[in-house]
Amino acid sequence: MTKKSILITGGAGFIGSHVVRLFVQKYPDYHIFNLDKLTYAGNLKNLTDIEQAPNYTFIKADLVDALAIESLFQKHQFEGVIHLAAESHVDRSITNPMDFVMTNVVGTVNLLNAAKNAWKADFNNKLFYHVSTDEVYGSLHDGGFFLETTPYDPQSPYSASKASSDHFVRAYHNTYKIPVVISNCSNNYGPNQFPEKLIPLFINNIRNNKPLPVYGKGENVRDWLYVVDHARAIDMVYHKGKNGETYNIGGFNEWTNIDLIKVVCKTMDVKLGRTPGTSEQLITYVTDRAGHDLRYAIDAQKIMRELGWEPSLQFEEGIEKTIDWYLTNQQWMDEVTSGDYANYYDNLYGNR
Ligand code: NAD
Ligand code: TYD
């Protein structure tokens, strides 16, 4: 029997690697193709435990290369696409917006074109699943939550590029009838996240006794979800989501940055055997991020009600597992912070 071929893009990145692992292990009857350009954020070491699996193949390719993407669809007859590849860091989008336009907008349209051309004779049993972010809804200022019906109001070059890609996915569904689902998730945390994002950056800095750069007053609010729970949600949306629908995914787990940072500091003091209060002394308030969104908060009731998803981990348990992972995988951290990382860090934080 031929296995069902599924293309996962961005599978060497943070969330993508958890999705690839889940699908490779849970679905031996699928063949999982992981397409990734291996940018600074892509790391095949995230997948060493499954790289030899018979139902897994890695493909190094750039989504911006339309011809390469077209020919991959001709060669492999993918039946499903789960599209996670993206430039994903807001601070980088402020310094280099065009990288975000190329990968997130042009790359997504290239992928849509390739899927449309390969599938147009028969859209049965095909699905293009676009993984997006809650940041497309903008910034909440007074209570309330993001619903699937909340109007888009992106505020950063990153969220504008993701919003644009979401619009293209819906436009291709409406115009060409390509079967699609979209999900918009809140902030993820967990193993294998590149240490430019808040939680792994601060864990690494605490370990190395480096300052913890808190933007502005630390009052911004984010809604945090353990990455494996996002991967489980993606599995459910892929298999049970309705064609053309959008699902918001979030943990009902809001924290101001400063409160979250204090939890990380306290847990790190315990894990490293330091006197309570030691890590908090590293907190350093720095110039705020330009256009910094105040609050994100997802209402995830639709996916809970319609697909039966719910987060499996409480935040306290998730953050402890996360810190344990970074402390026991110091080599992973050392590898990803070698090379260009020092330049990136100096450029971003040197002048704040
Ligand atoms: P990441 O930056 O860790 O990984 C992105 C991956 O995409 C990397 O492996 C990179 O090599 C690959 N990639 C980048 N440009 C590419 C290109 N042109 N061609 C092929 N591959 C390319 O990102 P992440 O945090 O894992 O996010 C994955 C997806 O989930 C993104 O679409 C992001 O917008 C979305 N998302 C992320 C979060 C979060 O908190 N991290 C929350 C909601 C949604
Ligand atoms: P981040 O992990 O970059 O995710 P996002 O901007 O997509 O929400 O940042 C999470 C929050 O932490 C955000 O409000 C910005 C803030 N932050 C800092 O205060 N200092 C930092 O060094 C970083 C990277 C983020």
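## A look at unusual backbone geometry
Phase 1: At lysine 177, a position not held by glycine, the phi torsion is positive, near 70 degrees.
Phase 2: Summarising the element assignment, lysine 177 is placed in the loop between helix H5 (157–176) and strand E6 (180–185).

## Here's the deal with the sheet that holds strand E11 (residues 254–256)
Phase 1: Pairing is mixed across the open sheet formed by 3 strands, whose spatial order is E7-E9-E11. Strand pairing shows two members of the sheet lacking a second neighbour, strand E7 (187–189) and E11, which therefore form its edges. Across the sheet, the mean angle separating the axes of adjacent strands is 50 degrees when strand polarity is ignored.
Phase 2: Two elements, strand E9 (residues 221–226) and E11, share 3 bridges in a ladder whose sense is antiparallel. Looking at the pairing, arginine 222 lines up with tryptophan 255 of E11.
Phase 3: Packed onto the sheet, helix H8 (residues 257–272) meets E9 and E11 and runs at close to 90 degrees relative to E11.

## What about the pattern of salt bridges?
Phase 1: A full pass over the atoms with the stated rule returns 14 salt bridges.
Phase 2: In this structure, aspartate 235 engages lysine 26 in a salt bridge whose closest nitrogen and oxygen atoms are separated by 2.5 Å. Residue aspartate 235 is located in helix H7 (residues 227–240), and its partner lysine 26 is located in helix H1 (residues 14–26); the two are separated by 209 residues in the primary sequence.
Phase 3: Given the relative accessible area of 4%, aspartate 235 is considered buried.
Phase 4: The partly exposed category is assigned to lysine 26, whose relative accessible area is 47%.
Phase 5: Glutamate 254 serves as the salt-bridge partner of arginine 295, at 2.7 Å between the closest nitrogen and oxygen. Taken together, the residues span a long stretch of sequence, with arginine 295 in the loop between strand E12 (283–286) and helix H9 (301–307) and glutamate 254 in strand E11 at a distance of 41 residues.
Phase 6: Members of the salt-bridge network, linked through shared partners, are Arg92, Glu196 and Lys197.

## Digging into the side chain of threonine 9
Phase 1: Its place among the elements puts threonine 9 in strand E1 (residues 4–9).
Phase 2: By relative accessible area, which is 0% here, threonine 9 ends up buried.

## Considerations on a nonpolar patch on the surface
Phase 1: A cluster of nonpolar side chains, contributed by Met98, Val101 and Met102, occupies part of the molecular surface with about 250 Å² of accessible area.
Phase 2: Along the chain, valine 101 turns up in helix H4 (residues 97–119).

## Considering the packing of aromatic side chains
The relative placement of two aromatic rings is captured by the distance of their centres and the angle of their planes.
Phase 1: One pass over the full model with this rule turns up 24 aromatic pairs.
Phase 2: Where tyrosine 40 meets phenylalanine 194, the ring centres are 5.0 Å apart and the plane angle is 80 degrees; that geometry is what we call edge-to-face. One end of the pair, tyrosine 40, is in the loop between strand E2 (30–36) and strand E3 (56–60); the other, phenylalanine 194, is in the loop between E7 and helix H6 (198–207), with 154 residues separating them in the sequence.
Phase 3: Note on tyrosine 40: relative accessible area 29%, which makes it partly exposed.
Phase 4: Overall, the relative accessible area of 10% leaves phenylalanine 194 in the buried class.
Phase 5: Taken together, the aromatic side chains of Tyr40, Phe194, Tyr215, Tyr341, Tyr344, Tyr345 and Tyr349 make up a single cluster linked through ring pairs.

## Considering the environment of tyrosine 344
Phase 1: Mapped onto the elements of the fold, tyrosine 344 is located in helix H12 (residues 341–349).
Phase 2: Between the alpha carbons of tyrosine 344 and leucine 35 there is a distance of 25 Å; along the sequence they are 309 residues apart.
Phase 3: Beyond its immediate sequence surroundings of up to four residues, tyrosine 344 is in contact with His89, Arg92 and Glu196.

## Concerning the environment of threonine 267
Phase 1: As for its placement among the helices and strands, threonine 267 is situated in helix H8.
Phase 2: Put simply, threonine 267 and glutamate 320 are 53 residues apart on the chain and 7.2 Å apart in space, counted from C-alpha to C-alpha.

## Structural notes on the side chain of arginine 295
Phase 1: On the basis of relative accessible area, arginine 295 is assigned to the buried category, the value being 12%.
Phase 2: In terms of polar contacts, arginine 295 uses its side chain to reach the side chain of glutamate 254, at 2.7 Å.
Phase 3: The residues touching arginine 295, leaving out its near neighbours within four places in the chain, are Gly138, Ser139, Leu140, Gly143, Gly144, Phe145, Phe146, Val221, Arg222 and Glu254.

## Quick notes on the site of ligand 2
Phase 1: Lining the immediate environment of ligand 2, one finds 19 residues, of which Glu135, Arg222, Arg289, His292 and Tyr349 sit closest.
Phase 2: Measuring from an oxygen atom of ligand 2, one finds a side-chain N or O atom of asparagine 257 at 2.9 Å.
Phase 3: When ligand 2 is considered free in solution it has 510 Å² of accessible area, and contact with the protein chains removes 98% of it.
Phase 4: Listing elements by their share of the shell around ligand 2, those giving two or more residues are H6 and strand E8 (212–215).
Phase 5: Taken together, the residues of the shell around ligand 2 sort by class into 9 nonpolar, 5 polar and 5 charged.

## Here's the deal with H5
Phase 1: Spanning 20 residues, H5 covers 28 Å between terminal C-alpha atoms, matching the ideal 28 Å at 1.5 Å per step.
Phase 2: Three or more residues of H5 are buried, namely Tyr158, Ser159, Ser161, Lys162, Ala163, Ser165, Asp166, Val169 and Tyr172.
Phase 3: Summarising the contacts, the buried residues of H5 are in contact with helix H3 (90–95), H4, strand E5 (127–133) and E6.
Phase 4: Just past H5, the residue lysine 177 takes up positive phi, approximately 70 degrees.

Quick notes on the rules
- Residues numbered from 1 in each chain as written.
- Chains lettered and ligands numbered in written order.
- Predicted model: local features only at pLDDT ≥ 70, side-chain atom pairs only at ≥ 80, totals over all residues.
- Heavy atoms only, no water.
- Helix = DSSP H or I, 4+ residues; strand = E, 2+ residues; numbered from the N terminus.
- Pairing = 2+ DSSP bridges.
- Axes fitted to C-alpha atoms, helices over the stretch in contact; angles between N-to-C directions.
- Contact = heavy atoms within 4.5 Å.
- Salt bridge = Lys/Arg side-chain N within 4 Å of Asp/Glu carboxyl O.
- Buried < 20%, exposed > 50% of the residue type's maximum accessible area, 1.4 Å probe, protein only.
- Patch = residues over 30% accessible without salt bridge, like charges linked within 9 Å, V, L, I, M, F, W, Y side chains within 5 Å.
- Areas by Shrake-Rupley, 256 points an atom, 1.4 Å probe, with all protein chains shown as cover.
- Phe/Tyr/Trp six-rings, centres within 6.5 Å; stacked < 30°, edge-to-face > 60°.
- Polar contact = N/O pair within 3.5 Å; in protein donor to acceptor, adjacent residues only side chain to side chain.
- Near = heavy atom within 4 Å.
- Nonpolar A, V, L, I, M, F, W, Y, C, P; charged D, E, K, R; others polar.
- Expected span 1.5 Å × (residues − 1).

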